[in-house]
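Observations on the three-dimensional arrangement
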Amino acid sequence: MKKLPFIVLLGLMVSACTSPDSAKRVLEAQGYTNIKTGGYAFFACSEDDTFATKFTATSVSGQVVTGAVCSGLFKGNTVRVN
């Protein structure tokens, strides 16, 4: 039972490493529509990225895509599509 607070704390820390509003702005600027952001995108971004936000969206060509928006404190954003 002592592990439960650790698991809750870990979950809160991971969810704090997402930036759904910023990810949505980046995706809209790239022409994506019907954007739905999710939680933390494990293993999707580099170790230099602070934020890794999962998303599902419709691309400019009309296809539904999934991926992650990666960003860091002193760098720009990267959209990675699966």
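Structure: above.
Notes on the structure in this doc start here. As the structure is a prediction and not an experimental result, all values here were calculated from the model.

**Details of the overall build of the protein chain**
- Within the protein chain, the secondary structure is distributed over two helices and four strands.
- The helix and strand sequence of the protein chain, counted from the amino end, reads α-α-β-β-β-β.
- The buried share among the 82 residues of the protein chain stands at 28%.
- Of the roughly 5800 Å² of accessible surface on the protein chain, 59% is carried by carbon and sulfur atoms.

**Section: the pairing of strand E2 (residues 51-58)**
- Pairing analysis gives four bridges linking strand E1 (residues 33-40) to E2, with the strands arranged antiparallel. From the neighbouring strand, Lys36 faces E2, where its bridge partner is Thr56.
- Judged from the eight bridges that link them, E2 and strand E3 (residues 64-71) form a sheet pairing that is antiparallel. Considered in E3, the bridge of Phe51 is made with Ser71.
- Linkage of E2 to E3, two consecutive antiparallel strands, is achieved through a turn of five residues, within which Gly62 is found at a positive phi near 95 degrees.

**Here we look at helix H2 (residues 20-29)**
- When H2 is considered as a whole, its buried residues turn out to be Ser22, Ala23, Val26 and Leu27. Considered in projection along H2, the buried side chains sweep an arc of 130 degrees and stay on one side of the axis. Facing away from the buried side of H2, by more than 90 degrees, are the exposed residues Asp21, Arg25 and Ala29.
- Its buried side turned inward, H2 meets E1, E2, E3 and strand E4 (77-81).
- Gly31 occupies a position one or two residues after H2 and carries a positive phi of about 95 degrees.

**Details of the packing of aromatic side chains**
- Counted under the stated rule, the structure contains three aromatic pairs.
- Judged by centre distance (6.0 Å) and plane angle (70 degrees), the rings of Tyr32 and Phe55 are edge-to-face. One end of the pair, Tyr32, is in the loop between H2 and E1; the other, Phe55, is in strand E2, and 23 residues separate them in sequence.
- For the pair Phe42 and Phe43, a centre-to-centre distance of 6.4 Å together with 45 degrees between the ring planes defines the contact as tilted. You'll find Phe42 and Phe43 in the same group, each marked exposed.
- One aromatic cluster is present, built from ring pairs that chain together Tyr40, Phe42 and Phe43.

**Overview of the nonpolar core**
- Residues Ala23, Val26, Leu27, Tyr32, Ile35, Phe55, Ala57, Val65 and Val69 constitute the largest nonpolar core, which totals nine residues.
- Mapped onto this core, the elements with two or more residues apiece are H2, E2 and E3.
- Looking at this core element by element, the count peaks at three residues for H2.
- Once you skip the residues sitting within four places of it in the chain, Leu27 turns out to touch Tyr32, Ile35, Phe55, Val69 and Val79.
- One finds Ala41, Cys45, Ala52 and Ala68 within the second-largest nonpolar core, a separate group that totals five residues.

The rules behind these values
- Residues numbered from 1 in each chain as written.
- Predicted model: local features only at pLDDT ≥ 70, side-chain atom pairs only at ≥ 80, totals over all residues.
- Heavy atoms only, no water.
- Helix = DSSP H or I, 4+ residues; strand = E, 2+ residues; numbered from the N terminus.
- Buried < 20%, exposed > 50% of the residue type's maximum accessible area, 1.4 Å probe, protein only.
- Areas by Shrake-Rupley, 256 points an atom, 1.4 Å probe, with all protein chains shown as cover.
- Pairing = 2+ DSSP bridges.
- Arc of directions from axis to C-beta.
- Contact = heavy atoms within 4.5 Å.
- Phe/Tyr/Trp six-rings, centres within 6.5 Å; stacked < 30°, edge-to-face > 60°.
- Core = buried A, V, L, I, M, F, W, Y, C linked by side-chain atoms within 4.5 Å.

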